[in-house]
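# Reading the structure
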Amino acid sequence: SLHNKAINDWTVAEYIGLREGNWLLSRKNREDMTKKVGESLNKFGLSVSGDEKIGTLSELKRYQIEIVRADLLNGKIIIIEDDFENMKYEDIKIFSEWLKSNSQNRMTVILNTYSKIASYECADIFICFKKGCIVKMCSKDSISNIDDLDIFVIGNSMNKKINNLKGEYSYNGL
């Protein structure tokens with residue numbers, strides 16, 4: 001989890017590199033690990049040092065580091081379950097472009113979120129499930145804006161019902 005408080009004191013190199021089992025770090029092992037992690041960060045175009053603490057990084061950088069870690073561990077499927085509440089729209093857009101350019105042909109990313117903005121920006125294919133079965137599926141090409149995404153997910157008739165319920169309510173105090 002990005003909100004794991006114990007990991008905030010780790011350096012980026014420790015967080016990414018210690019997953020390979022080098023718990024007893026001699027000076028040589030630490031230097032090798034930092035070098036290997038630095039090369040991976042450069043490969044992904046990140047301007048993050050392996051010596052930076054995880055807790056000091058932005059949410060965007062933390063997500064990017066998770067993808068780098070998954071790549072180093074040869075992960076083929078990544079599942080992101082988050083609502084991106086702490087990320088600004090600009091950061092979600094940057095993350096989406098970065099993710100698409102760095103995950104092509106190497107891994108599949110599944111995004112499980114309630115965030116319409118994150119879904120619209122990051123997804124190439126939209127899939128709706130009901131009780132474990134696929135009930136709807138379409139590609140990003142079929143959806144031109146976020147309103148079309150609403151129509152795809154909940155349908156026109158439900159949108160009309162929701163809009164009819166919206167209105168101006170006034171409260172006259174006692």
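Keep in mind that this is a model prediction, so the values were computed, not measured.

Rules used in this analysis
- Residues numbered from 1 in each chain as written.
- Predicted model: local features only at pLDDT ≥ 70, side-chain atom pairs only at ≥ 80, totals over all residues.
- Heavy atoms only, no water.
- Helix = DSSP H or I, 4+ residues; strand = E, 2+ residues; numbered from the N terminus.
- Buried < 20%, exposed > 50% of the residue type's maximum accessible area, 1.4 Å probe, protein only.
- Contact = heavy atoms within 4.5 Å.
- Areas by Shrake-Rupley, 256 points an atom, 1.4 Å probe, with all protein chains shown as cover.
- Phe/Tyr/Trp six-rings, centres within 6.5 Å; stacked < 30°, edge-to-face > 60°.
- Lys NZ or Arg CZ within 6 Å of the ring centre and 35° of its normal.
- Pairing = 2+ DSSP bridges.
- Right-handed = clockwise from strand over helix to strand, strands pointing away.

In this section: the overall build of the protein chain. In terms of helices and strands, the protein chain carries six helices and four strands. Helices (α) and strands (β) of the protein chain occur, in sequence order from the N terminus, as α-α-α-β-α-β-α-β-β-α. For the protein chain, with 174 residues in total, the buried portion stands at 36%. Taking the contacts inside the protein chain whose residues are at least 6 apart along the sequence as the reference set, 59% of them involve residues at least 24 apart. When the accessible surface of the protein chain is split by element, carbon and sulfur atoms take 51% of a total near 11,800 Å².

Let us look at the packing of aromatic side chains. For the structure shown, the criterion picks out six aromatic pairs. A centroid spacing of 5.8 Å and a plane angle of 40° characterise the contact between Phe 44 and Trp 98, whose relative ring orientation is tilted. Of this pair, Phe 44 sits in the loop between α2 (27–43) and α3 (59–72) while Trp 98 sits in helix α4 (residues 89–103), and the two are 54 residues apart along the sequence. Ring geometry for Phe 95 and Trp 98: centres 6.4 Å apart, planes at 25°, overall stacked. Separated by three residues within a single helix, Phe 95 and Trp 98 lie in helix α4, roughly one turn from each other. The buried category is assigned to Phe 95, whose relative accessible area is 1%. Ring pairs connect the aromatic residues Phe 44, Tyr 63, Phe 84, Phe 95 and Trp 98, which therefore count as one cluster. Against the face of Phe 152 rests Lys 136, its NZ or CZ located 5.7 Å from the ring centre.

This part covers the side chain of Ser 96. Here Ser 96 is to be found in helix α4. For Ser 96, a relative accessible area of 3% puts it in the buried group. Every residue in contact with Ser 96, bar those within four places of it in the chain, is listed here: Glu 121 and Cys 122.

We note that Asn 74 has phi near 60°; this positive angle belongs to a residue other than glycine. Summarising the element assignment, Asn 74 is placed in the loop between α3 and β1 (77–81). The backbone phi angle of Phe 84 is positive, close to 50°, even though this residue is not glycine. With respect to the helices, strands and loops of the structure, Phe 84 is situated in the loop between β1 and α4. In this structure Phe 84 comes out as buried when scored by relative accessible area, which is 4%.

Judged from the five bridges that link them, β1 and strand β2 (residues 108–112) form a sheet pairing that is parallel. Within β2, the residue paired with Ile 80 across the bridge is Leu 111. Remark: the β1/α4/β2 crossover connection has right-handed handedness.

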